[in-house]
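# Architecture at a glance
Spelled out from the first residue to the last, the chains are:
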There are 2 protein chains.
Amino acid sequence: MAQSSAESDSESAYDRLLQKYKRIANVENAGGILSWDQQVMMPDEGTPARSQQMSALSALSHELLTDDEFGDLLDAAEADDPTDEQADVLRELRRDYERAARVPNDLVEKISAASSEAIPAWKQAKAEDDFEKFAPHLEKHVELKRQYAEHIDPDRDPYEVLFEDYEPCLPLEQAEEILAEVREVLVPMIEDIRESDTDLAVDAFEGEFPEDDQEALVRDALTTLGYPWERGRLDTAPHPFSSGTQFDARVTTRYDDSDVLGSLFSTVHEFGHALYTLGLPDEHYATPLGENRNLSVHESQSRLWENHVGRSRAFWQHFLPTLEDRFPEVDATVEEAYEAANQVYDDNLIRVEADELTYHLHIVIRFELERDLIAGDLAVEDVPEAWNDKYEEYLGIRPDTDSEGCLQDIHWAYGNFGYFPTYSLGSIMAAQLFSAAEADIDDLDGKLADGEFGDLREWLRENIHQHGRRYETNDLVKQATGEDFAADAFLDYVESKYGALYDL
Amino acid sequence: MAQSSAESDSESAYDRLLQKYKRIANVENAGGILSWDQQVMMPDEGTPARSQQMSALSALSHELLTDDEFGDLLDAAEADDPTDEQADVLRELRRDYERAARVPNDLVEKISAASSEAIPAWKQAKAEDDFEKFAPHLEKHVELKRQYAEHIDPDRDPYEVLFEDYEPCLPLEQAEEILAEVREVLVPMIEDIRESDTDLAVDAFEGEFPEDDQEALVRDALTTLGYPWERGRLDTAPHPFSSGTQFDARVTTRYDDSDVLGSLFSTVHEFGHALYTLGLPDEHYATPLGENRNLSVHESQSRLWENHVGRSRAFWQHFLPTLEDRFPEVDATVEEAYEAANQVYDDNLIRVEADELTYHLHIVIRFELERDLIAGDLAVEDVPEAWNDKYEEYLGIRPDTDSEGCLQDIHWAYGNFGYFPTYSLGSIMAAQLFSAAEADIDDLDGKLADGEFGDLREWLRENIHQHGRRYETNDLVKQATGEDFAADAFLDYVESKYGALYDL
């Protein structure tokens, strides 16, 4: 791996470029381990050193990516009659390079410094329900991120440019249309559910579930779904996440004594992320062909396993006996388990606690607000009221406090604008992919009910995971499903599923 | 932390140099986290990615240290009328820089590649008791390390140069005299012990000790000794070690159901290492004033706690009740516990299982052999016989197999020559430091017996830890003890302790 300064002249520009990229990717992956450790293992007072270590690594990877030699090799490789596959890799490296090289180092540092100040301020503001304490930091982030977008491309809508940090190759216009279509269907559907008389078996999993037993259960679930323990591990983290590479993709979860479904679905969600990472080709480790496409596609994998597998009748046919073995006090039918797993929480204000339907309105609200913020159509001081108005309009509920309102999520404290939409886009994509998998795999539902998850894993590996960043988002979805990426499959799915559950 | 390329011209060369060094130290500390993770947390199949990540970080830190700008800033800072403290820091940076810059990158890579091949070969050779399988790798390492030493200084004994990788500022001649003096006393002393009729209470801790209970016990021990859990953690590793920084210094141990003293002393040993790291000044993190002096001094800290505290009567007066609470089947007097903790294993062939006395002969043997190897006075093929002859001469025992002989330790598979002596030098230094602490601290023995370890911790922090790399080894020892570093205190200690134990 170590790159000698005396490169062989016989190596092609493409090969030399890839060697340079590998070093960058390895530095970033090292940063990923440090971040995992910080969230899972690090003792409380380790922060000052850890922050410096992580800053040093990200500054180095930025410098390595933006140095002139990288740009020169990129030019040379592009001019050197690349194969189709090489051309796809070069497209990815060109995008990474341009985005990094156009932003001055001191702006990168300013954004990083602004986050370091904004995060504790956000924590305090949320704890004290005092938006004023966070407002100046949000203001600063909006200003810095506008500058950032302008450096990358002064001629385009800055929000579009910011969105590309998370979803680099799906047109924002398409994303916007998809989200608008989903909103138009979900708002009245949720209203209907609120007015419906149907009582779901929501108390099928009420009780006390000790943490150790929950851990044993989610380990059962991971093993059942096919998580390869020789390339992963399960730990506890306050905010569950997954991270790693195809050689070592770890998941985390958290436990609440009164909520066994919470740890289970959070684990199945992270399993989906990890399975994607593990399906990237070993031989392309630390190059674009061995890296994930982007956040939307990543989220499609987690949501597919969480919602289309974990919340299905078929999964509960298979898994309910395992759960009842661990927790003999649970005595539910498969139908009751299915209903409990799919309850719509029409009075919930908190995104991370939302069900499969209302979730997307939480996202749409943030998406609309941050678009307006970046465009200058919404002032920071007016965010709380605009937030509450939208919750009232779309979900029929109004937060009493900003802690439960516009202060609930950390993303803006990091200066992340354009991140939220990828959550919903991923769910919508999951429905389209799962529908295609159902068409391709003989009796998929029956297989899931029998605890046979291998065909689905394999379908995802072949159609999504193995390609890494080879194809852009729409091409990847089209190759996997035969259709353009759109909301249709998702809307069919929710209308059919929730129509039946709530007699709509 | 992130270093902008547009440095302020008003910053002094010294400040800019220190900023550059901080980045290097942070990259190395990041590598330390990756290494800890690899040994403690990483799933089995994570190795291919981890190796690349660690190679990338070490290549980067080497390049950052050896780049021309570092050298130029060093020249400028040295010429810029440094304060005494700055001059001490510059002495350390100069040494680091010269040693790194004089060795060509491709030799560094060759040594690293040779290790990657030698380590699995050594494992196989050891498992199969087949020295021939390891011999060509050892040959290669000897050759490469001779070249390495010649690049650094062609005019000096190459072994002396190699020794300085681990103990950079103690003359080899002094180390050699100390080890020879120790050998001359220990060889006949161990012979006397072998012939002695004294029966120690060696079965005071015989029994079955479940791993969970052992872990609870070593956690008790760490808490009792004053380990700050908010800056550390305890885990399990196949080869116990400690690593980290003053903000986060972790220890590991291992458990053997039949050997409760093994996990306890291994933990107390690593506690000593961690306490040193934790005593480095926070404000000098990632600079030489906030880094440990070297391996000898580090080992003096671990051995002081392991041997002079953990194996003392006073410690057992305090700790035996805790152990008996955890393991009610143990029923020993303090004197019996003390004897069991200090048994001399005169028929043991394995260094890592050796007692406080025979240990040093294991080291002296390796030291004498590797000196001869590097000097060309011993051929690789003759190592097994030379090894066995020395064991017979110094310890009166002869290995039946090379697995229990010259293949037992991994160090040579890494190409580490000159490392072993620091283990003994550390123990010898520990005796000198502890003797000085006894003179300075009122009734230290009584305090240890009462479980009051604070005064000793504080003495070590003031006299050793807080100085980082400010002073060279002899100056550090002299300031702490008033005497030159020598074997006297160690020899007094073992003669008095083991003379009494074995009625010599």
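Residues numbered from 1 in each chain as written. Chains lettered and ligands numbered in written order. Predicted model: local features only at pLDDT ≥ 70, side-chain atom pairs only at ≥ 80, totals over all residues. Heavy atoms only, no water.

The name given to chain A in an unreviewed UniProt entry is Metal-dependent carboxypeptidase, and the organism recorded there is Haloferax marisrubri. Recorded in UniProt for chain A, the comment headed Catalytic activity (unreviewed entry) runs: "Release of a C-terminal amino acid with broad specificity, except for -Pro." (UniProt positions renumbered as here; feature names shortened; annotations may be inferred.)

## With respect to the UniProt feature "active site" (unreviewed entry) in chain A
Residue and element names in this part refer to chain A. As recorded in UniProt, the feature "active site" (unreviewed entry) lies at Glu270. Mapped onto the fold, Glu270 is located in helix 10 (residues 260-279). With sequence-adjacent residues up to four places away left out, Glu270 is seen in contact with Pro240, Phe241, Ser242, Val251 and Thr252. (Helix = DSSP H or I, 4+ residues; strand = E, 2+ residues; numbered from the N terminus. Contact = heavy atoms within 4.5 Å.)

## As for the domain arrangement of chain A
How large an interface is tends to be reported as the accessible area lost when its parts come together. Residues and elements named next belong to chain A. Its domain assignment divides chain A into domain 1 (11-101) and domain 2 (120-504). Relative placement of domain 1 and domain 2: their C-alpha centres are 27 Å apart. Counting residues at the interface gives 21 residues for domain 1 and 30 residues for domain 2. Summed over both partners, the interface of domain 1 with domain 2 buries about 2100 Å², with 50% contributed by carbon and sulfur atoms. On the surface where domain 1 and domain 2 come into contact, there are nine salt bridges. On the surface where domain 1 and domain 2 come into contact, there are 14 residue pairs in polar contact (both at pLDDT 80 or more). Among the secondary structure elements, those contributing two or more residues to the side of domain 1 that touches domain 2 are helix 1 (13-40) and helix 4 (84-101). (Domains from an automatic or database assignment. Buried area = accessible area lost by both parts, 1.4 Å probe. Salt bridge = Lys/Arg side-chain N within 4 Å of Asp/Glu carboxyl O. Polar contact = N/O pair within 3.5 Å; in protein donor to acceptor, adjacent residues only side chain to side chain.)

## A closer look at the sheet that holds strand 2 (residues 242-245) of chain A
Residues and elements named next belong to chain A. The mixed open sheet is built from three strands, whose spatial order is 1-3-2. Edge positions in the sheet fall to strand 1 (234-236) and strand 2, since each of these pairs with one other strand and no more. Averaged over all neighbouring strand pairs, the angle between strand axes comes to 25°, with direction disregarded. Bridge count for strand 1 against strand 3 (residues 248-253) is three bridges, and the pairing is parallel. In the strand pairing of strand 3, Leu234 is matched with Val251. Strands strand 1, strand 2 and strand 3 of the sheet are contacted by helix 10, whose axis makes an angle of about 165° with strand 3. (Pairing = 2+ DSSP bridges. Axes fitted to C-alpha atoms, helices over the stretch in contact; angles between N-to-C directions.)

## A short note on helix 6 (residues 131-152) of chain B
Residue and element names in this part refer to chain B. Taking 1.5 Å as the rise per residue, helix 6 with 22 residues should run 32 Å; its terminal C-alpha atoms sit 31 Å apart, in good agreement. Of the residues making up helix 6, those classed as buried are Phe131, Phe134, Ala135, Leu138, His141, Val142, Leu144, Lys145, Tyr148, Ala149 and Ile152. On its buried side, helix 6 packs onto helix 4 (84-101), helix 5 (105-128), helix 7 (158-163), helix 14 (359-375) and helix 15 (383-395). (Expected span 1.5 Å × (residues − 1). Buried < 20%, exposed > 50% of the residue type's maximum accessible area, 1.4 Å probe, protein only.)

## A short note on the nonpolar core
Judged by nonpolar contacts, the single largest core of 136 residues is most densely connected at Phe134, Phe205, Trp305, Val309, Trp316 and Leu456 of chain B. Sequence-distant contacts of Trp305 of chain B, that is, excluding residues within four places in its chain, are made with Leu225, Val268, Phe271, Gly272, Leu275, Gly310, Phe453, Leu456, Arg457 and Leu460 of chain B. (Core = buried A, V, L, I, M, F, W, Y, C linked by side-chain atoms within 4.5 Å.)

## Observations regarding the packing of helix 8 (residues 172-195) of chain A against helix 14 (residues 359-375) of chain A
Each pair of packed helices can be summarised by the angle the axes make with each other and by the distance between the axes. Residue and element names in this part refer to chain A. For the pair helix 8 and helix 14, the least separation of the axes is 10 Å and the interaxial angle reads 135°. In terms of orientation, helix 8 lies oblique with respect to helix 14. Relative to helix 14, the crossing made by helix 8 is left-handed. Here helix 8 contributes Leu172, Glu176, Leu179, Val182, Arg183, Leu186, Val187 and Ile190 to the contact with helix 14, which in turn contributes His360, Leu361, Val364, Phe367, Glu368 and Arg371. A per-class count over the contact of helix 8 with helix 14 returns nine nonpolar, one polar and four charged. (Parallel < 35°, antiparallel > 145°, perpendicular 65-115°, else oblique. Left-handed = near helix turned anticlockwise from the far one by under 90°. Nonpolar A, V, L, I, M, F, W, Y, C, P; charged D, E, K, R; others polar.)

## A look at unusual backbone geometry
A positive phi angle, close to 50°, is found at Asp129 of chain A, a residue other than glycine. Counting through the fold element by element, Asp129 of chain A comes out in the loop between helix 5 (105-128) and helix 6 (131-152). A positive phi angle, close to 50°, is found at Asp503 of chain B, a residue other than glycine.

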